[in-house]
Amino acid sequence: MTNPKYDSLQNCAERRGHRPVMLKEAVEILSPKDGLEYLDCTFGGGGHTRAILESADCRVTAVDRDPSAEDRAEELKKIFPGRFRFVRANFSEICKLQTENGYAGILFDFGVSSFQLDEAGRGFSFMRAGPLDMRMDSSKGPTALELINSLAEFELAKILREYGQERAFAKVARAIKSAAESGGLKTTLDLAKAVESALPRQNREKIHPATRAFQALRIAVNDELGEISRALPDAFGLLSRGGVLAAISFHSLEDRIVKRFFKKLAGLPEDRRDRSFAQDRVKLATLLTRKPAVPSEAETAENPRSRSAKLRAIRKD
Ligand SMILES: C[S@@+](CC[C@H](N)C(=O)[O-])C[C@H]1O[C@@H](n2cnc3c(N)ncnc32)[C@H](O)[C@@H]1O
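Worth saying up front: this structure is predicted, and the values here are computed from it rather than measured.

Participant: When you look at the packing of aromatic side chains in this model, what are you seeing that I'm missing?
Facilitator: Aromatic rings in a pair are described by how distant their centres are and how their planes are angled relative to each other. Scanning the model with the defined rule gives seven aromatic pairs in all. With centroids separated by 5.5 Å and ring planes inclined at 70°, the aromatic side chains of phenylalanine 43 and phenylalanine 86 adopt a geometry described as edge-to-face. A residue pair is termed long-range when its members are at least 10 positions apart, and phenylalanine 43 in the loop between strand S1 (37–40) and helix H3 (47–55) and phenylalanine 86 in strand S3 (residues 84–88) qualify at 43 residues. What makes phenylalanine 43 buried here is its relative accessible area of 2%. Looking at phenylalanine 86, the relative accessible area reads 11%, which means it is buried. Judged by centre distance (6.3 Å) and plane angle (50°), the ring pair of phenylalanine 261 and phenylalanine 262 falls under tilted. Owing to a relative accessible area of 17%, phenylalanine 261 belongs among the buried residues under this scheme. Residue classification places phenylalanine 262 among the buried residues on the basis of a relative accessible area of 1%. In this structure an aromatic cluster arises from ring pairing among Phe43, Phe84 and Phe86. Here the basic side chain of arginine 305 rests over the ring of phenylalanine 250, its NZ or CZ set 4.6 Å away from the ring centre. Its end group placed over the ring of phenylalanine 236, lysine 316 keeps NZ or CZ at 4.8 Å from the ring centre.

Pasting the structure below:
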């Protein structure tokens, strides 16, 4: 069933370059109320923030580490005067955004935005020639190329295995390091070529062979999993009683962190290996999604990027 209110929100956000994923589901689960405060930890193109602001007379604080998100936030400030503020920060720093009564809802929508992927100069995509950068905050930290140059081959192999789930991690690491050492690794296309030289493209493979290596390096450059692990407990601390914490993940490494944390808060075993006694577990929250919510078929058909999305949420007791 379509809801004209959400359709118009979706259309607005799309015109501005990034299609917010699971917009309707995220807003429904946060269920914004007049007079309350919300925190969007991943502003991006502002699609979710805008939908929250349009669905109730509430206030939103939005965070993004990308300096270019700041310009997009300026537009929203004009549309929602006094109801929206933007803070450029890593979401692992949200504890400094404490409010008097706590937030009624906090949202994470992990990963990179289409703005970042589509801008060749950011170096996120193997489809576009650009410098090997991959930093979400381009003002600090080592670029992907600097990281590759600073790592030993076995360290790079570990990153490819853990963050990219690349089975041929050793071969791919060797190919990347040897391209770097011969001076032939400067751009995203050089990296894609080095990976392909180690993994000749199989017809049956649905994704480009460099997908896993790009994912792995992006996660390492931005310490994405560390950011999530540090931010979730702080986010829970910032919620008011009855407040909702929702997170949209795009791959199993992100989703595993969210799932385990939410289960622990709900007083459940974190996973099958968790042998803790039921009486030792403390229930601080209620799971709103026993199984993660996933995008509708219509959404995945329209926006292939949404295909792997999983939305999980809890309510603070
Ligand atoms: C998938 S996009 C969010 C899209 C947004 N929900 C929308 O509707 O337009 C993810 C955004 O989160 C930001 N981001 C990712 N990790 C971050 C972190 N650790 N701290 C702050 N921002 C982060 C990225 O820069 C990117 O702009």
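Now, onward.
Participant: Hey, could you run me through the site of the ligand in this one?
Facilitator: Surveying the vicinity of the ligand reveals 24 residues, the closest of which are His48, Asp64, Phe91, Asp109 and Glu227. A distance of 2.8 Å separates an oxygen atom of the ligand from a polar atom in the backbone of glycine 45. When the ligand sits alone it has 610 Å² of accessible area, and the protein chains cover 99% of it. Counted by class, the shell around the ligand contains seven nonpolar, eleven polar and six charged residues.

Participant: For this particular structure, what's the right way to read the sheet that holds strand S2 (residues 59–64)?
Facilitator: Remark on secondary structure: sheet strands pair via backbone hydrogen bonds, oriented parallel or antiparallel. Strand order across the open sheet formed by seven strands is S3-S2-S1-S4-S5-S7-S6, with mixed pairing between neighbours. At either margin of the open sheet sits one strand with a lone partner, and together these are S3 and strand S6 (285–287). Going from strand to strand, the sheet's axes swing by 15° on average, the running direction of each strand aside. Here strand S5 (residues 239–249) runs beside strand S7 (residues 310–316); their pairing, made up of six bridges, is antiparallel.

Each value, and the rule that gives it
Residues numbered from 1 in each chain as written. Predicted model: local features only at pLDDT ≥ 70, side-chain atom pairs only at ≥ 80, totals over all residues. Heavy atoms only, no water. Phe/Tyr/Trp six-rings, centres within 6.5 Å; stacked < 30°, edge-to-face > 60°. Helix = DSSP H or I, 4+ residues; strand = E, 2+ residues; numbered from the N terminus. Buried < 20%, exposed > 50% of the residue type's maximum accessible area, 1.4 Å probe, protein only. Lys NZ or Arg CZ within 6 Å of the ring centre and 35° of its normal. Near = heavy atom within 4 Å. Polar contact = N/O pair within 3.5 Å; in protein donor to acceptor, adjacent residues only side chain to side chain. Areas by Shrake-Rupley, 256 points an atom, 1.4 Å probe, with all protein chains shown as cover. Nonpolar A, V, L, I, M, F, W, Y, C, P; charged D, E, K, R; others polar. Pairing = 2+ DSSP bridges. Axes fitted to C-alpha atoms, helices over the stretch in contact; angles between N-to-C directions.

Such coordinate-based values are descriptive only and should not be taken to indicate function.
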